[in-house]
Amino acid sequence: MKANEKDYKKYSDAIDQIQQGNDAMIDLFNEMEDDTELIGFDQKVVEQIEKAKAKFGDDAVNEKINSVVREMLSWLDLEGVNKKGEDSDGSS
């Protein structure tokens, strides 16, 4: 294929952009973490949450669920307990 300098520059820039996109995709892939469920709701609860969200909206239901869970967790003694996979200094 023959190309003049302008065409050569366009193709070169396009290849550079493709390479940058590939590098970005590789970075995203390398940074992925396993998506594990935080809470395993049973099917009936999932259906009730879906109905509530349909009636009251996502934000309202999310806020209510967070309030209830936050209150329930406040009853537990979690002082000095680290998240799974986290060292005592807060690092992974």
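Residues numbered from 1 in each chain as written. Predicted model: local features only at pLDDT ≥ 70, side-chain atom pairs only at ≥ 80, totals over all residues. Heavy atoms only, no water.

Student: Is there a simple way to think about the overall build of the chain in this case?
Tutor: Secondary structure summary: the chain contains three helices and zero strands in total. Listing every helix and strand of the chain by position from the N terminus yields α-α-α. Scaling as 2.2 N^0.38, a compact globule of 92 residues should have a C-alpha radius of gyration of about 12 Å, whereas the chain reaches 25 Å, well beyond that. The burial tally for the chain puts 2% of its 92 residues in the buried class. On the chain, roughly 9,200 Å² of surface is accessible, and the fraction owed to carbon and sulfur atoms is 52%. Considering the chain, the positive charge centre built from 12 side chains and the negative charge centre built from 23 side chains are found 10 Å apart. (Helix = DSSP H or I, 4+ residues; strand = E, 2+ residues; numbered from the N terminus. Rg over C-alpha atoms; globule rule 2.2 N^0.38 Å. Buried < 20%, exposed > 50% of the residue type's maximum accessible area, 1.4 Å probe, protein only. Areas by Shrake-Rupley, 256 points an atom, 1.4 Å probe, with all protein chains shown as cover. Lys, Arg positive; Asp, Glu negative; His and termini not counted. Charge placed at Lys NZ, Arg CZ, Asp CG, Glu CD.)

Student: Explain a negative patch on the surface to me, please; I cannot follow it from the model alone.
Tutor: Among the surface-exposed residues, Glu 33, Asp 34, Asp 35 and Glu 37 lie close enough to one another that they form a single negatively charged patch. Here Glu 33 shows up in the loop between α1 (5–31) and α2 (43–56). Residue classification places Glu 33 among the exposed positions, given a relative accessible area of 73%. (Patch = residues over 30% accessible without salt bridge, like charges linked within 9 Å, V, L, I, M, F, W, Y side chains within 5 Å. Salt bridge = Lys/Arg side-chain N within 4 Å of Asp/Glu carboxyl O.)

Student: For this particular structure, what's the right way to read the pattern of salt bridges?
Tutor: Where charged atoms of side chains with opposite charge meet at close range, the side chains can pair. In this structure the tally under the stated criterion is one salt bridge. Note that Lys 9 and Asp 13 form a salt bridge whose closest N and O atoms lie 3.1 Å from each other. Taken together, the residues span about one helical turn, with Lys 9 and Asp 13 both in helix α1 at a distance of four residues.

Student: Would you take a moment to explain a nonpolar patch on the surface for this structure?
Tutor: A cluster of nonpolar side chains, contributed by Met 72, Leu 73, Trp 75, Leu 76, Leu 78 and Val 81, occupies part of the molecular surface with about 620 Å² of accessible area. Within the element layout of this structure, Leu 78 appears in the segment after α3 (58–74).

Student: I'm lost on the packing of α2 against α3 in this one. Help?
Tutor: When two helices pack together, you describe them by how their axes are tilted relative to each other and by the distance separating the axes. Running from N to C, α2 and α3 cross one another at 130 degrees; their axes reach a closest spacing of 7 Å. For the element pair α2 / α3, the angle class is oblique. Of α3, the residues touching α2 (which contributes Ile 49, Ala 52, Lys 53 and Phe 56) are Asp 58, Ala 60, Val 61, Asn 62 and Ile 65. Looking at side-chain class alone, the contact of α2 with α3 contains six nonpolar, one polar and two charged residues. (Axes fitted to C-alpha atoms, helices over the stretch in contact; angles between N-to-C directions. Parallel < 35°, antiparallel > 145°, perpendicular 65-115°, else oblique. Contact = heavy atoms within 4.5 Å. Nonpolar A, V, L, I, M, F, W, Y, C, P; charged D, E, K, R; others polar.)

Student: Would you mind showing me how to read the environment of Thr 36 here?
Tutor: Mapped onto the elements, Thr 36 comes out in the loop between α1 and α2. With 17 residues separating them in the primary sequence, Thr 36 and Lys 53 have C-alpha atoms 22 Å apart.

Student: Mind showing me how you'd approach α2 here?
Tutor: Taking 1.5 Å as the rise per residue, α2 with 14 residues should run 20 Å; its terminal C-alpha atoms sit 20 Å apart, in good agreement. Looking one or two residues beyond α2, the residue adopting positive phi is Gly 57, at roughly 95 degrees. (Expected span 1.5 Å × (residues − 1).)

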